[in-house]
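Chains, contacts and geometry: an overview
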Amino acid sequence: MAVAYRPAAVSRRQQVPLRLFVILVLCGLAFVYADLKFLFSWSAAYIVVQVAELLALKRFLGHARPARAVALNLVTDLAMATTFGWLAIPLWSIGTPLGAAAAVLLLSGSIFTALMGAEGCLTAFASAVTPHIVYLFVTPLVAGKPGDPVMPFFLAGIGLFCLTLILVFLWSRRAMEAERAARRAAEAQTAAKSAFIAMVSHELRTPINAILNGAEAFERDKSDATLIVDAGLMMRTLLNDLLDLSKIEAGRMGVEVVDYDLRALVADAVGFWRGAAEAKGVGLSLLGAEALPRWVRGDPMRVRQILNNLLSNAIKFTAEGDVRVKVRVEQGKARTVTIVVRDTGPGLADDQIERLFTPYEQAGADTARAFGGTGLGLSISRDLARLMGGELTAANAEDGGARFILRLPTPEGVEPLAPEPDAALTRRDEAPLILVVDDHDINRRALRQILEAFGARVETAEDALTALAAAETQVFDAILMDVRMPGMDGLEATRRLREGGANRQTPIIAVTGAVSADEVAACREAGMTGWVEKPVNPRDLYAALFG
């Protein structure tokens, strides 16, 4: 009760100046009209009760255990309403229509003030309103004329007024509870985001520290390049999680629909994590793969992303035992594939299952400290599953550990024809000449190193105008074009290259950190023939150029 009453206590304290103003106005009327002298004694009694209420409110709001103090506040609320409502009787007793109207208005105004001050608390509402309702019924009987023919209609109107008052209170209570629940949820989300930002900052310090120390060691003795590579991969994973979440929250995440080999994809995903499992002494097995269909339609990249996340978590949380991936096909109106990833880890509590798929949260603070990570993987995976028409759920295994169940629709697909190699980039005696266009020197140097490792010759341009000038005098085998550059962007530069000149037919590969469906469509519309995502993966770049 104390928790529900607290907003009402705050509201009633805020109404004190209004009440004192009413007292001053009524006392002013008593000075003008001799028939209202009773207002002086009434005001003195009311002020005494008001002081008692203020003391009770102060004690309640400052009490270490407010539940012990709430009863006194309810008594003072009742006393306040009883004292204030008494004024209706002498006003009605004046015997004029205006006196009776003043009594009714006084009680009605006080009732609505109590309604607002209750803040949805039923107990506070009842203690403050009940005396006024009693006065509404009793006053005309005590102070009115006996046998008044209007009396039954007046009492019926009071009954209707009370019914309306109850309905208004119930409506306002629901609205206030919904508003408070929304505010608590928003505050919890804000707190979770703040904790998430702090956690991501901590997670990023690890790879940054590794990169700096690895680079220093590499510069010193040329022996620690692996540390830099691992740290870079870790940072890219963190960045990809953040980018995926931002796209999902903005409603801009899309999924691809192509033909792909589901059986091979699942087998490859399990095989990829087998080394990590063996290194930890954990078994990893795949059951039922032979029942999987081969060629299906869907988004293989997103399916692989979900599987990688589930397998990574299962291995991470399994100290001993094994991780089993079991697949089955269900035939109904539409064919569905169910993939169950089961581990022998500590399992999940009920409240952990509720938080697993909530962005910015993990299974608990201890989990974040012990295992790291952004806590976004499962939330992103569930959203991706739903975008593909499926679902991702979690449960405890009967004999211990956790189970994650991925269900995906798998429409029939066809084996795609092998693509013909691009004649402009087929292997030949002379190394291909590639133009790298990027406004950032670090990106140009990084791309040059990758391309030269491929055996390519490389020229660079720091902006679109420099690239257009180079394209007027030299024919390139391919152009890597940054999309977002100051001044003329990569899309406009590509349009100008396609208008004519020696590089009109040259493959132009977008190098961009934004690869949503709309942005990819814009690249294609401008005339680009492919794209790779920043940070650039050498394998992806090689596939875009020579695949």
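Here is a short report on the structure shown in this document. Everything numeric in this text was worked out from a predicted model, so none of it was measured.

We now examine the packing of aromatic side chains. In this structure the tally under the stated criterion is twelve aromatic pairs. Three or more aromatic residues joined by ring pairs make a cluster, and in this case those are Trp-42, Tyr-46 and Phe-84.

Time to look at the sheet that holds strand β5 (residues 336-342). Strands belonging to one sheet form pairs held by backbone hydrogen bonds; the direction of such a pair is parallel or antiparallel. One open sheet accounts for five strands, arranged β2-β4-β5-β7-β6; its pairing is mixed. Of all strands in the sheet, those bounded by a partner on one side alone are β2 (283-287) and β6 (391-396). Going across the sheet, the axis of each strand differs from the next one's by a mean of 15°, ignoring polarity. As paired strands, β2 and strand β4 (residues 322-330) are joined by five bridges and run parallel to one another.

In this section: the side chain of Thr-338. Tracing the sequence through the fold places Thr-338 in strand β5. Looking at Thr-338, the relative accessible area reads 0%, which means it is buried. Side-chain polar atoms of Thr-338 contact the side chain of Glu-330, separated by 3.5 Å. Look past the residues within four positions of Thr-338 in its chain and what remains in contact with it is Lys-326, Val-327, Arg-328, Glu-330, Ile-405, Leu-406 and Arg-407.

Within the fold, Pro-432 resides in the loop between β7 (402-409) and β8 (433-437). By relative accessible area, which is 12% here, Pro-432 ends up buried. Setting aside residues no more than four positions away along its own chain, Pro-432 makes contact with Gly-455, Ala-456, Arg-457, Asp-477 and Phe-546.

A few words now on the nonpolar core. Of all hydrophobic cores here, the largest spans 43 residues; its most connected members are Leu-284, Leu-307, Leu-311, Val-325, Ile-339, Phe-404 and Leu-406. Every residue in contact with Ile-339, bar those within four places of it in the chain, is listed here: Val-266, Leu-307, Val-325, Lys-326, Val-327, Phe-404, Ile-405 and Leu-406. By size, the runner-up hydrophobic cluster in this structure holds 36 residues, among which are Ile-23, Leu-87, Ala-103 and Leu-107.

What follows concerns a nonpolar patch on the surface. Among the surface-exposed residues, Leu-18, Phe-21, Val-25, Leu-29, Phe-31, Val-32 and Tyr-33 lie close enough to one another that they form a single nonpolar patch of about 740 Å² accessible area. Relative to the elements of secondary structure, Val-32 occurs in helix α2 (residues 16-32). A relative accessible area of 60% means that Val-32 is categorised as exposed.

Glancing now at the pattern of salt bridges. If you walk through the whole model with that rule in mind, you get 19 salt bridges. For Glu-412, the salt bridge identified is with Arg-335, shortest N-O distance 3.3 Å. Pair noted here: Glu-412 is in the loop between β7 and β8 and Arg-335 is in the loop between β4 and β5, with a separation of 77 residues, a long-range link. Taking the relative accessible area as the measure of exposure, Glu-412 reaches 58% and is therefore exposed. The exposure class assigned to Arg-335 is buried, which follows from its relative accessible area of 17%. Between Arg-495 and Glu-492 there is a salt bridge whose closest N-O contact spans 3.3 Å. Of this pair, Arg-495 and Glu-492 both sit in helix α17 (residues 490-499), three residues apart, which is roughly one turn of the helix. Judged by relative accessible area, which is 37%, Arg-495 ranks as partly exposed. Note on Glu-492: relative accessible area 27%, which makes it partly exposed. Three or more residues are tied together by salt bridges with common partners; here these are Arg-12, Arg-19, Glu-53 and Asp-77.

For the rest of this paragraph, the subject is the environment of Glu-256. Within the secondary structure, Glu-256 sits in the loop between α9 (225-249) and β1 (258-261). Classification of Glu-256 as partly exposed rests on a relative accessible area of 45%. Sequence separation between Glu-256 and Ala-517 is 261 residues; the distance between their C-alpha atoms is 8.7 Å. Among residues more than four places away in sequence, those in contact with Glu-256 are Gly-298 and Asp-299.

Quick look at the pairing of β4 now. With seven bridges joining them, β4 and β5 adopt antiparallel strand pairing. Within β5, the position partnered with Val-329 by the bridge is Val-337. With antiparallel pairing between neighbouring strands as the criterion, β4 and β5 make up a hairpin whose turn holds five residues.

One pass over the full model with this rule turns up one cavity of 30 Å³ or more. Its volume calculated, the largest cavity comes out at about 30 Å³. Lining the largest cavity, in full, are Val-266, Ala-269, Val-270, Leu-307, Leu-311, Val-325, Ile-339 and Val-341. Residue assignment for the lining of the largest cavity shows that the elements contributing at least two residues are α10 (262-280), α11 (300-316) and β5. Taken together, the residues of the lining of the largest cavity sort by class into eight nonpolar, no polar and no charged.

Thresholds applied
Residues numbered from 1 in each chain as written. Predicted model: local features only at pLDDT ≥ 70, side-chain atom pairs only at ≥ 80, totals over all residues. Heavy atoms only, no water. Phe/Tyr/Trp six-rings, centres within 6.5 Å; stacked < 30°, edge-to-face > 60°. Pairing = 2+ DSSP bridges. Helix = DSSP H or I, 4+ residues; strand = E, 2+ residues; numbered from the N terminus. Axes fitted to C-alpha atoms, helices over the stretch in contact; angles between N-to-C directions. Buried < 20%, exposed > 50% of the residue type's maximum accessible area, 1.4 Å probe, protein only. Polar contact = N/O pair within 3.5 Å; in protein donor to acceptor, adjacent residues only side chain to side chain. Contact = heavy atoms within 4.5 Å. Core = buried A, V, L, I, M, F, W, Y, C linked by side-chain atoms within 4.5 Å. Patch = residues over 30% accessible without salt bridge, like charges linked within 9 Å, V, L, I, M, F, W, Y side chains within 5 Å. Areas by Shrake-Rupley, 256 points an atom, 1.4 Å probe, with all protein chains shown as cover. Salt bridge = Lys/Arg side-chain N within 4 Å of Asp/Glu carboxyl O. 1 Å grid on protein atoms, 1.4 Å probe; cavity = no way out; pocket = protein on both sides within 12 Å on 5 of 7 lines; lining within 4 Å. Points joined across faces, edges and corners; volume = space filled by probe spheres on them. Nonpolar A, V, L, I, M, F, W, Y, C, P; charged D, E, K, R; others polar.

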